[in-house]
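Architecture at a glance
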Amino acid sequence: MYDISADVFIFSSLHKISTWTNPELRKNASKALKLKPFSSMFNELSKMFEKDKTIQIFSRYATYNGSNPYKAPSTLNVIAHLEHNIGAYFPKNGMRQIINELENIIKKYNISVFTNSYVEKINFDKKVAKSILVNNQILEYDLIISDVDINFLYRNLLKDLKMPKKIKKPDFSTSALIFYWGINKKFAELDLHNILFSDNYKEEFEYLFDKKTIYNDPTVYIYVSKKHNQSDAPQGKENWFVMINTPANKGQIDENYIKTARKNIIEKINRVLKTNIEKHIEFEHINTPQSIEKYTGSLAGALYGANSNSIMSAFNRHANFRRNLKNIYFVGGSVHPGGGIPLCIASAKITSEIIKKDILLKNK
Ligand SMILES: Cc1cc2nc3c(=O)[nH]c(=O)nc-3n(C[C@H](O)[C@H](O)[C@H](O)COP(=O)(O)OP(=O)(O)OC[C@H]3O[C@@H](n4cnc5c(N)ncnc54)[C@H](O)[C@@H]3O)c2cc1C
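Quick caveat: nothing in here was measured; it's all calculated off a predicted structure.

Attention now moves to unusual backbone geometry. Here the bond from His-336 into Pro-337 is cis, since omega is 0°, no more than 30 degrees from zero. The backbone of Asn-136 shows a phi angle near 65°, a positive value even though the residue is not glycine. The residue Asn-136 is located in the loop between strand S2 (128-134) and strand S3 (137-140) in this model.

Following this line, the structure appears as C-alpha cells:
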C-alpha cells in the first residue's frame, strides 16, 4: 500500500496536473483500488488479525493524524508500515533538537531567522502577496510562505480574502490533554512507549468525534524518555509525558473537564500499575487544547488541522498554494499532505518544488 500511495499522497502535490500526468505516478494511481479506500482501517485490520487487542493496537495509528480508525480509510494503515518496517527516529535532546538542526542548516546559507515576531496580516496588491505586518512594520518580500495553521491564517492574517468552504467549516482532528509529570520513583513495568487502552475503543472514538467530549475510560499514552536516555531525569526518578486525545475545543474543554480527565487518568494508572501515582508526582505541567491553540495558533487546539475520517479528506485539505493568488504558499500540518512532523517536512519539500517550478516559469 505504501509503494502505491506514498509518491502520490505524501511526496507530490495532489493539486497539480503534473502529478496526474506523470507516467510513473499514474501507473500507481491506477492501482488505487488496492488501497481499499472505501473500507475503514478497522475493517481491514479485522481481516488481517484475529485478536481484538492486536486490531486495537494497529487501529491506534489513526490517532497519529487525529482521526477515527472506524471511519478513516484503510489507506492510513500505511502508517504502521512506516513505523515498524521503515522505522522512526529518536532525536537526541528531544523534539526541540529537530528545530535546532533546521536552524543550523539554514544559517549556513546566511538566512536570517527572526523569532518572537508575530505576523498580524499578509498584504496583497490585487491577487499578489506583497508584504507582512509585523511589530508595527510593513516588510516587503518577493515570496511569502506561511506555516501558520490554515484555519487560523484565514481568520486572522488573510481576513480580506474569501474563505474556502472547507476552511469555513473545518472538520477538526483531535486535540490532546497532556500532563508532564516528574515522578519520584522508577516504574520497572513501564517501557519507553506505553499505552493503557480503553476497554471499549469504539465508544471512545464516538465520544471524541460524535459527542465531542471525554470518555470516562480514555486510552492513556505514557512516554518516558528516561527509559532510553538516562540523563532525561534524575537518578531514581522518571519524566512522564501522559497524554489522552480530546476533541477539538469548541469551548467545552473547561477547568471541570480537565479535572475530571485528570481523575480518570490517575484512577486508570493506579488500577493498571497497582500504585497510588498521585503521591509520586513531584512536578506537574499541563498542556491543554487551549494552551496548544495559544502557543501554536492551531485553531481549536486541533493537532493536525482537519481529520482524515473520509475518503475525500486528502483531497479536501488545503493545497500548498492557491490558484488565484500569486507569491504566497502554504506549508505545515494543516495543509497537504497533513499533520505530524514527517508529513510537515514532506509538505515543505513539496512546496519548495512548486516554488522552483513557478520561478522557472516566471523567468522563462
Ligand atoms: C502534544 C503534542 C504531541 C504531538 N506528538 C507528535 C508526535 O509524536 N509525532 C508527530 O509527528 N507529531 C506530533 N504532534 C503533531 C506535530 O507537533 C504537528 O503536526 C506539527 O508540529 C505541525 O507543524 P507545523 O509546522 O504545521 O506547525 P507548528 O509546529 O505549530 O508551527 C507553527 C508555528 O507558527 C507560529 N505562529 C503561529 N501564528 C503566527 C503568527 N501570526 N506569526 C508568526 N508566527 C506564528 C507558532 O508559534 C508556531 O511556532 C504533536 C503535537 C502536540 C501538540
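What follows covers the sheet that holds strand S5 (residues 175-183). Spatially, 5 strands are ordered S6-S7-S8-S5-S9 in an open sheet, and the strand pairing comes out antiparallel. Both edges of this open sheet fall to strand S6 (193-196) and strand S9 (281-287), since each of them pairs with a single strand only. Neighbour to neighbour, the strand axes of the sheet diverge by 20° on average, direction disregarded. Sheet analysis places S6 next to strand S7 (residues 220-223), joined by 4 bridges and oriented antiparallel. If you follow Ile-195 over to S7, its bridge partner there is Tyr-221.

This part covers the site of the ligand. Around the ligand, the surrounding shell holds 21 residues, and the nearest of these are Thr-296, Gly-297, Gly-332, Gly-333 and Gly-340. Elements with a contribution of two residues or more to the shell around the ligand: S5, helix H12 (289-296) and helix H14 (341-363). At 3 residues, the largest contribution of residues to the shell around the ligand is made by H14. Of the residues belonging to the shell around the ligand, the class tally is 12 nonpolar, 8 polar and 1 charged.

A separate point is helix H5 (residues 52-59). Residues Ile-55, Gln-56, Phe-58 and Ser-59 constitute the buried set of H5. Where the residues of H5 are buried, they touch helix H4 (41-48), helix H6 (78-86) and helix H10 (201-211).

What the domain assignment lists for the protein is domain 1 (1-35), domain 2 (110-170 + 305-363) and domain 3 (175-296). On a C-alpha basis, the centroid separation for the pair domain 2 and domain 3 is 32 Å.

The nonpolar side chains of a soluble globular protein tend to be buried with one another. Counting 26 residues, the largest nonpolar core has Ile-122, Ile-150, Leu-153, Ala-302 and Phe-330 as its most contacted members. For this core, the secondary-structure elements that each account for two or more residues are helix H8 (150-156) and strand S10 (328-330). In terms of residue count, the dominant contributor to this core is H8 (4 residues). In this structure, Tyr-207, Tyr-215, Val-224 and Trp-240 belong to the second largest nonpolar core, which totals 21 residues.

All right, on to the sheet that holds S2 then. The 3 strands lie next to each other as S1-S2-S3, forming an open sheet whose pairing is antiparallel. Of all strands in the sheet, those with a lone pairing partner are strand S1 (119-125) and S3, marking the two edges. Each strand of the sheet is rotated relative to its neighbour by a mean of 30°, with strand direction disregarded. Taken together, the 6 bridges between S1 and S2 define a ladder with antiparallel strand orientation. The residue bridging Phe-124 from the neighbouring strand is Ala-129, located in S2.

Conventions we followed
Residues numbered from 1 in each chain as written. Predicted model: local features only at pLDDT ≥ 70, side-chain atom pairs only at ≥ 80, totals over all residues. Helix = DSSP H or I, 4+ residues; strand = E, 2+ residues; numbered from the N terminus. Pairing = 2+ DSSP bridges. Axes fitted to C-alpha atoms, helices over the stretch in contact; angles between N-to-C directions. Near = placed C-beta within 6 Å. Nonpolar A, V, L, I, M, F, W, Y, C, P; charged D, E, K, R; others polar. Buried ≥ 20, exposed ≤ 12 C-beta atoms within 10 Å, placed from the backbone. Contact = placed C-beta atoms within 7 Å. Domains from an automatic or database assignment. Core = buried A, V, L, I, M, F, W, Y, C linked by C-beta atoms within 7 Å.

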